[in-house]
Amino acid sequence: MKIAVLPGDGIGPEIVAQAVKVLRALAAEGQSIEWEEAPIGGAGYDAAGDPLPEATLALARQADAVMLGAVGGVQYDALPRPQRPEQGLLRIRKALGLFANLRPALLYAELADASTLKPEVVAGLDIMIVRELTGDIYFGQPRGLRTNDRGEREGFNTMIYAEPEIRRVARVAFDIAMKRDKRLCSVEKANVLETSELWREVVIETARDYPQVALSHMYVDNAAMQLVRDPKQFDVIVTGNIFGDILSDEASMLTGSIGMLPSASLDDGDKGLYEPIHGSAPDIAGKNIANPLATILSVAMMMRHTFNQEETANRIERAVKKVLAQGLRTADIYVAGTRQASTGEMGDAVVAAL
Ligand code: NAD
């Protein structure tokens, strides 16, 4: 297993160090794992004047999987857009063809009180959101800023999806649904947008190959509402880039902490980029208080989706559950009666449980 490790900025290096402890523990058991680190985001800009240095992309291309921390920091906010840390992330996703973003929203029983929703609404929650990642309004051309005939400034973007882009992400979602409760909800805005009209048609066509999966459709505004009203009605959700961006952040809050949720971004083979869903959290960077569990759980997703090591993935997830059951909590999920742990202590505890 060849892994490119890209810690990035802010809390990135602290949380990735804990995930590396898990890799080291697996290697010590005799699993054949190699990893190499490279800078990305602000760290890439500092090292090579580019948020995605050539050497970093080359390493990521050679690797089977990429483990990423997070990018971004206020010191980079004034840079021209191409040099900003977030561009590093957008470019590596595009360059590696990572079109399917898997974001589970899973509530651990021990953390039911950490959600802002009533425990009975979220207890047992287990949703998988599949978000298309390389198309839609974030990449569509034309885009830009201009002055119109009336002398007013205008901003414009293009929402666009081609049939194959929809079909391949729909397939990923149907395949995942087959391994779960076999229910898939496709989310769009077909009542208003032509892009969504095509989305719905192609998803329905794809469904013919998956007769066992119960397919439903929902408008994105309703989906946003249903996610807080009755989130347990969902099993797998598939949606486009911008809708998925918003809905998956909303879903993350159902579980209480952004510090708990991993993600995977997959290409059409086995390659994937694995990262926590949160950002670089500059407000707590360097304090050894960030929650490393989302990053560690990303290693579990890597074992499952790139290396097909279901048992290793399950073991990592069980180790995380055990540590939570022991009452260990980082500051973001701390409640009275539990024991507060630093980033490093949490990583050590997971390795011990593993
Ligand atoms: P953020 O996710 O970094 O932080 C939001 C809040 O959640 C903060 O209060 C932070 O302290 C907390 N938080 C996040 N991760 C945590 C963890 N593991 N443990 C404990 N608390 C945690 O979002 P933001 O503040 O909007 O953005 C900060 C920077 O991160 C920006 O530069 C932004 O562009 C970047 N960003 C990067 C990514 C990414 O790398 N994938 C994603 C989102 C934002």
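Residues numbered from 1 in each chain as written. Predicted model: local features only at pLDDT ≥ 70, side-chain atom pairs only at ≥ 80, totals over all residues. Heavy atoms only, no water.

J.: Would you mind going over the overall build of the protein chain with me for this structure?
T.: On a plain count of helices and strands, the protein chain comes out with 12 helices and 14 strands. What you see for the protein chain is a C-alpha radius of gyration of 20 Å, in line with the 20 Å of a compact globule of 354 residues. Based on the C-alpha atoms only, the size of the protein chain along its principal axes is roughly 60 × 50 × 40 Å. For the protein chain, buried positions account for 54% of its 354 residues. Pairs at least 24 apart in sequence give 75% of the contacts found in the protein chain among residues at least 6 apart. Of the side-chain charges in the protein chain, 37 are positive and 48 negative, and the distance between the mean point of each set is 2 Å. (Helix = DSSP H or I, 4+ residues; strand = E, 2+ residues; numbered from the N terminus. Rg over C-alpha atoms; globule rule 2.2 N^0.38 Å. Buried < 20%, exposed > 50% of the residue type's maximum accessible area, 1.4 Å probe, protein only. Contact = heavy atoms within 4.5 Å. Lys, Arg positive; Asp, Glu negative; His and termini not counted. Charge placed at Lys NZ, Arg CZ, Asp CG, Glu CD.)

J.: So what exactly am I meant to see when it comes to helix α9 (residues 241-254) here?
T.: Helical geometry: 3.6 residues make up each α-helical turn, so side chains three or four residues apart lie on a common side. The terminal C-alpha atoms of α9, which comprises 14 residues, lie 20 Å apart, in line with the 20 Å expected from a rise of 1.5 Å per residue. Among all positions of α9, only Asn-241, Phe-243, Gly-244, Leu-247, Ser-248, Ala-251, Ser-252 and Leu-254 are buried. Here the buried residues of α9 occupy an arc of 155° about the axis, which is enough to place them on one side. At the exit of α9 stands Gly-256, carrying a positive phi of roughly 100°. (Expected span 1.5 Å × (residues − 1). Arc of directions from axis to C-beta.)

J.: What is the right way to read the domain arrangement of the protein chain from this model?
T.: A common way to state how big an interface is: give the accessible area lost once the parts meet. Taken as a whole, the protein chain is organised into domain 1 (1-99 + 267-354) and domain 2 (108-258). Each of domain 1 and domain 2 has a C-alpha centre, and these two points are 24 Å apart. The interface of domain 1 with domain 2 comprises 18 residues on the first partner and 15 residues on the second. Among the residues domain 1 hides against domain 2, the three largest losses belong to Lys-94, Phe-99 and Ile-277. Together they make up 38% of the total. Scanning the region where domain 1 abuts domain 2 turns up 0 salt bridges. Summed over the shared surface of domain 1 and domain 2, the number is 3 residue pairs in polar contact (both at pLDDT 80 or more). Of all the elements in the fold, those that place two or more residues in the side of domain 1 that touches domain 2 are α4 (85-95), α10 (293-305) and α11 (310-325). (Domains from an automatic or database assignment. Buried area = accessible area lost by both parts, 1.4 Å probe. Salt bridge = Lys/Arg side-chain N within 4 Å of Asp/Glu carboxyl O. Polar contact = N/O pair within 3.5 Å; in protein donor to acceptor, adjacent residues only side chain to side chain.)

J.: Whenever I open this one, the site of the ligand confuses me. Can you help?
T.: The immediate surroundings of the ligand are formed by 20 residues, with Val-71, Glu-86, Gly-279, Ala-281 and Asp-283 found nearest. In this structure, a nitrogen atom belonging to the ligand sits 3.4 Å away from a side-chain N or O atom of Glu-275. When isolated, the ligand has an accessible area of 800 Å², and the protein chains bury 67% of it. (Near = heavy atom within 4 Å. Areas by Shrake-Rupley, 256 points an atom, 1.4 Å probe, with all protein chains shown as cover.)

J.: Please explain the nonpolar core as it appears in this structure.
T.: Nonpolar side chains tend to gather and get buried jointly when the protein is soluble and globular. Judged by nonpolar contacts, the single largest core of 65 residues is most densely connected at Leu-102, Val-130, Met-303, Ile-316 and Leu-324. Both domains that furnish three or more residues to this core are identified here as domain 1 (1-99 + 267-354) and domain 2 (108-258). What Val-130 contacts, discounting residues up to four positions off in sequence, is Asn-101, Leu-102, Val-169, Val-172, Ala-173, Ile-176, Val-236, Ile-237, Val-238 and Thr-239. Of all hydrophobic cores here, the second largest spans 20 residues; its members include Ile-127, Leu-247, Ala-251 and Leu-254. (Core = buried A, V, L, I, M, F, W, Y, C linked by side-chain atoms within 4.5 Å.)

J.: Honestly, the environment of Asp-230 in this entry has me stumped. Any pointers?
T.: Residue placement: Asp-230 occurs in the loop between α8 (220-229) and β10 (236-239). In this structure the C-alpha to C-alpha distance between Asp-230 and Leu-102, which are 128 residues apart in sequence, comes to 21 Å.

J.: Sorry, what's going on with the packing of aromatic side chains here?
T.: Within this structure, the stated rule accounts for 3 aromatic pairs. Here Tyr-161 and Trp-199 contribute two aromatic rings whose centre-to-centre distance is 5.3 Å and whose plane-to-plane angle is 55°, an arrangement assigned as tilted. Placement of the pair is Tyr-161 in the loop between β7 (153-156) and α6 (163-179) and Trp-199 in helix α7 (residues 194-207), with a sequence separation of 38 residues. Like Trp-199, Tyr-161 is buried. Between Phe-174 and Tyr-210, the aromatic rings sit 4.8 Å apart at their centres with planes inclined by 10°, giving stacked as the arrangement. Of this pair, Phe-174 sits in helix α6 while Tyr-210 sits in the loop between α7 and β9 (214-219); the two residues are 36 residues apart in sequence, bridging distant segments of the chain. Of the two residues examined, Phe-174 and Tyr-210, each falls in the buried class. In this structure, Lys-94 packs its charged tip against the face of Phe-139, placed 4.5 Å from the ring centre. Residue placement shows Arg-146 over the ring face of Phe-156; its charged tip is 3.9 Å from the ring centre. (Phe/Tyr/Trp six-rings, centres within 6.5 Å; stacked < 30°, edge-to-face > 60°. Lys NZ or Arg CZ within 6 Å of the ring centre and 35° of its normal.)

J.: I tried to follow the pairing of strand β2 (residues 34-37) on my own but got confused; where do I start?
T.: Along any regular strand, the residues point their side chains to alternate faces of the sheet. Sheet analysis places strand β1 (residues 2-8) next to β2, joined by 4 bridges and oriented parallel. Counterpart to Ala-4 in the pairing with β2 is Glu-36. Crossover connection from β1 via helix α1 (residues 12-28) to parallel β2: handedness right-handed. (Pairing = 2+ DSSP bridges. Right-handed = clockwise from strand over helix to strand, strands pointing away.)

J.: Before we go on, may I ask you to explain the sheet that holds strand β5 (residues 126-132) in this structure?
T.: The strands that make up a sheet are held in pairs by hydrogen bonds between backbone atoms, and each pair lies either parallel or antiparallel. Spatially, β2-β1-β3-β12-β11-β4-β5-β10-β8-β9 is the arrangement adopted by the 10 strands of the open sheet, whose pairing is mixed. The open sheet terminates on both sides in strands that have one partner only, identified here as β2 and β9. Going across the sheet, the axis of each strand differs from the next one's by a mean of 20°, ignoring polarity. Pairing of strand β8 (residues 183-188) with β9, which is carried by 6 bridges, proceeds in the parallel orientation. Of the residues in β9, the one forming a bridge with Leu-184 is Leu-215. Strands β1, β2 and β3 (65-70) of the sheet are contacted by helix α3 (residues 54-62), whose axis makes an angle of about 145° with β1. (Axes fitted to C-alpha atoms, helices over the stretch in contact; angles between N-to-C directions.)

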